[in-house]
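These are the residues of each chain, in order.
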Number of protein chains: 2
Amino acid sequence: MKETPDKKLSIIDVAKLAGVSTATVSRVLNGNGGYSKKTEEKVLRTVKECGFTPNGNAVSLRTNRSHCIGVIVPDITNEFFAKIIHELDIFFLEHHYSLLICDSNEDYELEDMYIHNLIQKNVDGIIYISGQDEIKNISSVETIPIVYIDRCPKNAKVLIQSDNEEGGYLATRELLESGCRNILLMRDLRYASTIRQRKAGYLRALEEAGVPYNGKLEIGIFPDYEDARIMMERVLKVMGCYFDGIFATNDRIALACIQVLMQHGYRVPEDVKVVGFDNVSLTEFCNPSITTITQDTRSIALAAGKSVLDLIHHKKIKEKMTVIPVALERRHSTETV
Amino acid sequence: MKETPDKKLSIIDVAKLAGVSTATVSRVLNGNGGYSKKTEEKVLRTVKECGFTPNGNAVSLRTNRSHCIGVIVPDITNEFFAKIIHELDIFFLEHHYSLLICDSNEDYELEDMYIHNLIQKNVDGIIYISGQDEIKNISSVETIPIVYIDRCPKNAKVLIQSDNEEGGYLATRELLESGCRNILLMRDLRYASTIRQRKAGYLRALEEAGVPYNGKLEIGIFPDYEDARIMMERVLKVMGCYFDGIFATNDRIALACIQVLMQHGYRVPEDVKVVGFDNVSLTEFCNPSITTITQDTRSIALAAGKSVLDLIHHKKIKEKMTVIPVALERRHSTETV
DNA sequence: TTGAAAGCGCTAACAG
DNA sequence: CTGTTAGCGCTTTCAA
């Protein structure tokens, strides 16, 4: 609580002030033991008095630990990812790590730049959330711990994932139980593993209900609101409304489908029922509200956070893959009248 | 593109490999001049060949520059803030800075911890977005450049802000022009400067239209969906619908009001017209869609980014305060029938 | 145009 | 229990 000094003071200044060596100050500050109660108090007092904060760069250089975790995320503007970051932030604050956030904008080149950046910054670990179809393996980072969320390259160590298959199953079963028999699968055209799993769930539900799979009912689209709208318009124009249910692999697609359907005079849920994926807050407030699959962002973040920490501390990771349960959130878009 | 070496190589290794001194390697890498074309090529080639990346911590320690910017944000899950971060990320990637994101959860204590963290990490600058009523001045960080967004302590150097007064004015004028005469002001109860400015705009529009201000029409609430709902319920129960328009100081409040009104049998916009603030994507898709004030997140982020950079490079800042224009986004919630 | 060497602030071995 | 000291990997004088 003193006036700001001309120059930031170093451990040497503190040592002088406390009348001990820098080693002792360091020991006390890091709680490494090997000092008397008395010196501890003395050091702690001087540290507080002069408001000393160790220079993180020096510490990092010396210990080869930056206490930084890099997080690569496709789009922080997407509520699903934002929630994960939020939870990660809380988790890592507790563990005294800072988060270096890299919003890759789903852009390969940017991701490369970011990775390079992170290496240079000497991050202790990376959490890698990719929207990409396939992630290339980052050979240059083989030395630093990476935990993947959602997707990962073949030789990756750790992957955290929602139970996408179950999600696809729950979504489709909900539609079937509401009486749908021709369920459109509106899926991300980048045929990533998460999407394949959701489709697998869709197929399982279909089979269980004795409804044959119809390839004409599967449509790949770019998972963006505008693109989904355009595709839905086209489908309606060319094929008409040849379906009575839609399982969309994310909420934005679901929303786009509903909007287009309603603009063409179809009623949701009366004529067509719809289920989305992610449980973005929009789904609760749009009209009709959208039945969707909740991904447990908190558990995902927690699992990812714990895993990087384990990796950093060279603990054995039990499971290469952690699967986080999902749940169906029932709303108006699948209501039976 | 060689096999991963046992240990990360240092500038010394590169120097040996290239047959020059470490000083020369450093000079070339930093483009500081004072070397021949030939050595430059030689060094660059070896650097590429062995995939050398300088140790950022060593650089930072030596130069006292971390090339990190700390960003403190109340809630990254809020689309408005997420967008700002997104734009900041893009801006600073170009300028070779990394972003240390601190999600303060609108919590003073957390903010303190984060600040401490950032100091220790030796960030070159801080961008501080606070949801708080009044920000306390961080005396211990007087030495490092801080740019504030939205709110700032008295003695702050730089503040970036939307034109909140104009926003309040536009919102209220829209309601007045749609025929409203009893306009409820549903405002954040934390009476921060941004909110005061929005109210000032509200008053200006009222005055311009010759409508007297009525204190009974001003209600302070915690700006959260659930709290806003509860308050609206109470208002309706106690006072009935004694208003024909609502200006809510954020979109979540606006949404809550609309939902409650409709559940009580009032029609929006026929009986009550509503304007929100922020232009969160929800407002476009809910029913009815909500007229709102757009804050230009990109310009805000750009201004903030440029300002920290200027501060870091000791450039003179022209204006202590930068005001970013806002715009009215007209939607169904203020439509005249 | 280049190299030698000091030192950024800290930790950790080693010696006492 | 405490101090001395050698670096961590880099930049930057200074001298050549």
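Please read these numbers as outputs of a predicted model, since none were measured by experiment.

Student: Describe the side chain of Asp75(B), with residues and values.
Tutor: Mapped onto the elements of the fold, Asp75(B) is located in the loop between strand 1 (68-73) and helix 5 (79-94). Arg252(B) provides the closest opposite charge to the buried, unpaired Asp75(B), separated from it by 5.3 Å. For Asp75(B), the contacting residues outside a window of four places in its chain are His86(A), Phe81(B) and Asp103(B).

Student: Go over the sheet that holds strand 8 (residues 245-248) of chain B, please, and point to the residues and values.
Tutor: Residues and elements named next belong to chain B. Spatially, the four strands line up as an open sheet ordered 7-6-8-9, and their pairing is parallel. Whereas interior strands pair on both sides, the edge strands pair on one side only; in this sheet they are strand 7 (218-221) and strand 9 (273-275). When the angles between neighbouring strand axes are averaged without regard to direction, this sheet yields 20 degrees. Pairing of strand 8 with strand 9 involves three bridges; the strand directions are parallel. By the bridge assignment, Gly 245 is partnered in strand 9 with Lys 273. Contacts between helix 7 (residues 164-177) and the sheet are confined to strand 6 (183-188), strand 8 and strand 9, with strand 8 contributing the most and set at about 170 degrees to the helix. Sheet strands in contact with helix 10 (residues 251-263) are strand 6, strand 7, strand 8 and strand 9, and its direction is about 150 degrees off that of strand 8.

Student: How would you explain a negative patch on the surface if you had to name every residue and give the values?
Tutor: Residues Glu226(A), Asp227(A), Glu284(B) and Glu329(B) make up a contiguous surface patch of negative charge. Examined against the element boundaries, Glu226(A) turns out to sit in helix 9 (residues 225-239). Using a relative accessible area of 44% as the deciding quantity, one classes Glu226(A) as partly exposed.

Student: Now, about unusual backbone geometry: what can you tell me, with residues and values included?
Tutor: Of the consecutive residues Asn287(A) and Pro288(A), the connecting peptide bond is found in the cis state with omega at 0 degrees. Following the sequence through the fold, Pro288(A) ends up in the loop between helix 11 (282-285) and strand 10 (292-295). Residue Pro269(B) is reached from Val268(B) by a cis peptide bond, and omega for that bond is 10 degrees. Along the polypeptide, Pro269(B) turns up in the loop between helix 10 and strand 9. In this structure, His67(A) takes a positive phi of about 55 degrees despite not being glycine. Of note, His67(A) is situated in the loop between helix 4 (56-63) and strand 1 (68-73). A positive phi angle, near 55 degrees, is found at Asn279(B), a position not held by glycine.

Student: Describe the protein's contact with DNA strand D, with residues and values.
Tutor: Neighbouring residues of DNA strand D: 27 residues in total, closest Gly34(A), Thr39(A), Arg62(A), Ile11(B) and Arg62(B). What you see for DNA strand D is that sugar and phosphate hold 60% of its atoms within 4 Å of the protein. In the environment of DNA strand D, a base nitrogen lies 2.7 Å from a nitrogen or oxygen atom belonging to the side chain of Arg62(A). At a separation of 2.8 Å, a phosphate oxygen of DNA strand D approaches a polar side-chain atom of Ser26(B). When contributions to the surface near DNA strand D are tallied by element, the ones reaching two or more residues are helix 2 (22-30) and helix 4 of chain A together with helix 2 (22-30) and helix 4 (56-63) of chain B.

Student: Explain the domain arrangement of chain A to me, using residue names and the numbers behind them.
Tutor: Partitioning chain A into structural domains gives domain 1 (11-63), domain 2 (68-162 + 297-325) and domain 3 (164-295 + 328-334). One C-alpha centre belongs to domain 1 of chain A, the other to domain 3 of chain A, and the line joining them spans 60 Å.

Student: How would you sum up the packing of aromatic side chains? Please name residues and give values.
Tutor: All names here are of chain A. Under the counting rule described, the total for this entry stands at 14 aromatic pairs over all chains. With 6.4 Å between their ring centres and 40 degrees between their planes, Phe 247 and Phe 277 make a pair best called tilted. In this pair, Phe 247 sits in strand 8 (residues 245-248) while Phe 277 sits in the loop between strand 9 (273-275) and helix 11, placing the two residues 30 residues apart along the sequence. Note on Phe 247: relative accessible area 0%, which makes it buried.

Student: Before we move on, could you go through the pattern of salt bridges and cite the residues and values that matter?
Tutor: Residue and element names in this part refer to chain A. Enumeration over the complete set of coordinates arrives at 28 salt bridges over all chains. Residue Arg 298 is joined to Glu 87 by a salt bridge in which the shortest nitrogen-to-oxygen separation is 3.2 Å. Here the residue Arg 298 occupies a position in helix 12 (residues 297-312), and Glu 87 occupies one in helix 5 (residues 79-94), the gap between them amounting to 211 residues. Under the relative-accessibility criterion, Arg 298 is labelled partly exposed at 49%. Via salt bridges that share partners, Glu 106, Asp 188 and Arg 190 belong to a single interconnected network.

Student: Talk me through the packing of helix 9 of chain A against helix 10 (residues 251-263) of chain A; I want residue IDs and the actual numbers.
Tutor: A packed helix pair is summarised by two numbers, namely the angle formed by the two axes and the spacing between the axes. All names here are of chain A. For the pair helix 9 and helix 10, the least separation of the axes is 8 Å and the interaxial angle reads 40 degrees. It follows that helix 9 is oblique to helix 10 by the angle criterion. Between helix 9 and helix 10 the crossing geometry is right-handed. In this structure, helix 9 uses Tyr 225, Ala 228, Arg 229, Met 232, Glu 233 and Leu 236 to contact helix 10, whose residues at the interface are Arg 252, Ile 253, Leu 255, Ala 256, Cys 257, Gln 259, Val 260, Leu 261 and Gln 263. A per-class count over the contact of helix 9 with helix 10 returns 10 nonpolar, two polar and three charged.

Student: Give me the interface of chain A and chain B: which residues, what numbers.
Tutor: The partner chain B presents 49 residues to the 49 residues of chain A that form the contact. Around 4,400 Å² of area is buried between chain A and chain B when both sides are counted, 58% of it from carbon and sulfur atoms. The largest share of the area that chain A buries against chain B comes from Asn57(A), Leu93(A) and Phe285(A), three residues that together contribute 16% of it. Applying the counting criterion to the chain A and chain B interface returns zero salt bridges. Those elements that place two or more of their residues in the side of chain A that touches chain B are helix 4, helix 5, strand 2 (98-103), helix 6 (108-120), helix 10 and helix 11 of chain A. Among the residues making up the side of chain A that touches chain B, the classes are represented as 22 nonpolar, 20 polar and seven charged.

Student: Which residues make up the protein's contact with DNA strand C, and what values go with them?
Tutor: Near DNA strand C, the surroundings consist of 27 residues, among which Ile11(A), Ser26(A), Arg62(A), Thr24(B) and Arg62(B) are the closest. Protein-adjacent atoms of DNA strand C, using a 4 Å cutoff, are sugar or phosphate at a proportion of 63%. Ser21(B) places a polar main-chain atom, nitrogen or oxygen, 2.9 Å from a phosphate oxygen of DNA strand C. Taking Ser36(B), its main chain carries an N or O atom lying 3.0 Å from a phosphate oxygen of DNA strand C. Contributing elements (two or more residues each) for the surface near DNA strand C: helix 2 and helix 4 of chain A together with helix 2 and helix 4 of chain B. Residues of the surface near DNA strand C, tallied by class, amount to 10 nonpolar, 12 polar and five charged.

Student: Lay out the nonpolar core with the relevant residues and their values.
Tutor: The biggest cluster of nonpolar side chains holds 92 residues, and the ones touching the most others in it are Ile246(A) and Ile246(B). Those residues in contact with Ile246(B), other than ones at most four positions away along the chain, are Leu175(B), Ile183(B), Leu184(B), Met186(B), Met232(B), Cys257(B), Leu261(B), Val272(B), Lys273(B), Val274(B) and Val275(B). Counting 58 residues, the second-largest nonpolar core is a separate cluster that includes Ile69(A), Ile324(A), Phe81(B) and Ala301(B).

Student: Please give an account of the packing of helix 1 (residues 11-18) of chain A against helix 3 (residues 37-50) of chain A that cites residues and values.
Tutor: Residue and element names in this part refer to chain A. Relative to each other, helix 1 and helix 3 sit at 120 degrees, their axes nearing to 9 Å. On the basis of the axis angle, helix 1 is oblique to helix 3. With respect to the hand of their crossing, helix 1 and helix 3 are arranged in right-handed fashion. Of the residues in helix 3, those in contact with Val 14, Leu 17 and Ala 18 of helix 1 are Lys 42, Val 43, Thr 46, Val 47 and Cys 50.

Student: Tell me about the relation of the copies chain A and chain B, and name the residues and values.
Tutor: Superposing the two chain copies requires a rotation about an axis and a translation along that axis. After a rotation of 180 degrees and a shift along the axis of 0.0 Å, chain A superposes on chain B with an RMSD of 0.1 Å. On the angle and the small slide along the axis, the relation comes out as a two-fold axis. Among all residues of chain A, the minimum C-alpha distance to the rotation axis is found for Cys286(A), at 2.0 Å. The fraction of interface residues of chain A whose copies in chain B are also interface residues reaches 100%, indicating that both copies meet through the same surface.

Here is what the cut-offs are and how they apply
- Residues numbered from 1 in each chain as written.
- Chains lettered and ligands numbered in written order.
- Predicted model: local features only at pLDDT ≥ 70, side-chain atom pairs only at ≥ 80, totals over all residues.
- Heavy atoms only, no water.
- Helix = DSSP H or I, 4+ residues; strand = E, 2+ residues; numbered from the N terminus.
- Buried < 20%, exposed > 50% of the residue type's maximum accessible area, 1.4 Å probe, protein only.
- Lys, Arg positive; Asp, Glu negative; His and termini not counted.
- Salt bridge = Lys/Arg side-chain N within 4 Å of Asp/Glu carboxyl O.
- Contact = heavy atoms within 4.5 Å.
- Pairing = 2+ DSSP bridges.
- Axes fitted to C-alpha atoms, helices over the stretch in contact; angles between N-to-C directions.
- Patch = residues over 30% accessible without salt bridge, like charges linked within 9 Å, V, L, I, M, F, W, Y side chains within 5 Å.
- Areas by Shrake-Rupley, 256 points an atom, 1.4 Å probe, with all protein chains shown as cover.
- Charge placed at Lys NZ, Arg CZ, Asp CG, Glu CD.
- Near = heavy atom within 4 Å.
- Polar contact = N/O pair within 3.5 Å; in protein donor to acceptor, adjacent residues only side chain to side chain.
- Domains from an automatic or database assignment.
- Phe/Tyr/Trp six-rings, centres within 6.5 Å; stacked < 30°, edge-to-face > 60°.
- Parallel < 35°, antiparallel > 145°, perpendicular 65-115°, else oblique.
- Left-handed = near helix turned anticlockwise from the far one by under 90°.
- Nonpolar A, V, L, I, M, F, W, Y, C, P; charged D, E, K, R; others polar.
- Buried area = accessible area lost by both parts, 1.4 Å probe.
- Core = buried A, V, L, I, M, F, W, Y, C linked by side-chain atoms within 4.5 Å.
- Least-squares fit on C-alpha atoms with pLDDT ≥ 70 in both.

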